[in-house]
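Close look at the chain arrangement
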Amino acid sequence: MNTYTDSDSAPKPAPRATFQTIVYTMATQAMIALGEIESPISHETKVDLRQAKYLIDSLQVLLDKTKGNLDETERGALINILAEVQMKFVEKND
């Protein structure tokens, strides 16, 4: 079993890797790059549109390449998250 330790406690089991975890992780990174979420490392908000675009494009690739292989919940979550980060990108790019 994989474990990790955060700064406040004893080792914890690593989160289960799932498709949705991958999507949420990428979306969170995109929101950090868009300055919508504070960086957990620097504790600052900073806009990096180049990085945000890369992550949004990567989510689009996931959607395209997994067509027909996702259940309705996975596909719906990916479509909704992709739309949300795309809209934030457009807002920041105006």
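Up top is the structure.
A few points on the structure. All chains use their own residue numbering, which begins from 1 and follows the written sequence. Reporting in this predicted model follows two pLDDT cut-offs: at least 70 for local features of residues, and 80 or more for side-chain atom pairs to be given and counted; totals over whole chains, interfaces and linings ignore these cut-offs and use all residues. Heavy atoms from the whole structure form the basis of all side-chain values; hydrogens and water molecules are not counted.

Working definition: helices are DSSP H or I runs of at least four residues, strands are E runs of at least two. Numbering for both runs from the N terminus. Scanning the protein from terminus to terminus reveals 3 helices and 2 strands. Taken from the N to the C terminus, the helices and strands of the protein come in the order β-β-α-α-α. With the principal axes as the frame, the protein shows a C-alpha extent of 45 × 35 × 15 Å. Looking at the protein as a whole, 26% of its 94 residues qualify as buried. Any pair of residues with heavy atoms lying within 4.5 Å of one another is described as a contacting pair. Put simply, 48% of the contacts in the protein that link residues at least 6 apart link residues at least 24 apart. For accessible areas, the Shrake-Rupley method is used with a probe of radius 1.4 Å. Any residue's cover is judged against the shown protein chains and nothing else. Of the roughly 6,800 Å² of accessible surface on the protein, 52% is carried by carbon and sulfur atoms. Only protein chains enter the accessibility calculation, which uses a 1.4 Å probe; a residue whose area is less than 20% of its type maximum is buried, one above 50% is exposed, and one in between is partly exposed.

Throughout, nonpolar core names a set of buried Ala, Val, Leu, Ile, Met, Phe, Trp, Tyr and Cys residues whose side chains join them through atoms within 4.5 Å. Core analysis: the largest hydrophobic core is formed by 19 residues, its most contacted members being V23, L59, L78, L82 and V85. Counting only elements with at least two residues in this core, the list comes to α1 (19-33), α2 (49-65) and α3 (72-93). Here this core gets 7 residues from one element, more than from any other, and that element is α1. When near neighbours in sequence (up to four residues on either side) are disregarded, V23 contacts L59, L62, L78 and I81.

Along the chain, T66 falls in the loop between α2 and α3. Leave out the neighbours within four places in its chain, and T66 touches F19 and L78.

What follows deals with the packing of α1 against α2. Here an angle of 0 to 180 degrees is reported between the N-to-C directions of two axes, which are lines fitted to C-alpha atoms, with helices fitted over the stretch in contact. For the pair α1 and α2, interaxial distance at closest approach is 8 Å and the crossing angle is 155°. As the angle between them shows, α1 and α2 are arranged roughly antiparallel. Considering how the two elements wind past one another, α1 and α2 form a crossing that is left-handed. Taking contact as the criterion, the partners of F19, I22, V23, M26, A27, Q29, A30 and A33 in α1 are, on α2, L49, Q51, A52, L55, S58, L59 and L62. Looking at the contact of α1 with α2 residue by residue, the class counts come to 12 nonpolar, 3 polar and no charged. For classification purposes, an angle smaller than 35 degrees is called roughly parallel, one larger than 145 roughly antiparallel, one from 65 to 115 roughly perpendicular, and anything else oblique. Each crossing is labelled by how the near helix is turned from the far one, with a counterclockwise turn of less than a right angle marking it left-handed and a clockwise turn marking it right-handed. By the convention adopted, Pro, Cys, Tyr, Trp, Phe, Met, Ile, Leu, Val and Ala count as nonpolar, Lys, Arg, Asp and Glu as charged, and the other residues, Gly among them, as polar.

Quick look at the packing of α2 against α3 now. Closest axis-to-axis distance for the α2/α3 pair is 10 Å, and the angle between their directions is 155°. Taken together, the axes of α2 and α3 lie roughly antiparallel to each other. Judged by the sense of rotation from one axis to the other, the crossing of α2 with α3 is left-handed. Each of L49, A52, K53, I56, L59, Q60, L62 and L63 in α2 lies in contact with α3, whose residues at this interface are R75, L78, I79, L82, V85, Q86, F89, K92 and N93. The residue makeup of the contact of α2 with α3, split by class, is 11 nonpolar, 3 polar and 3 charged.

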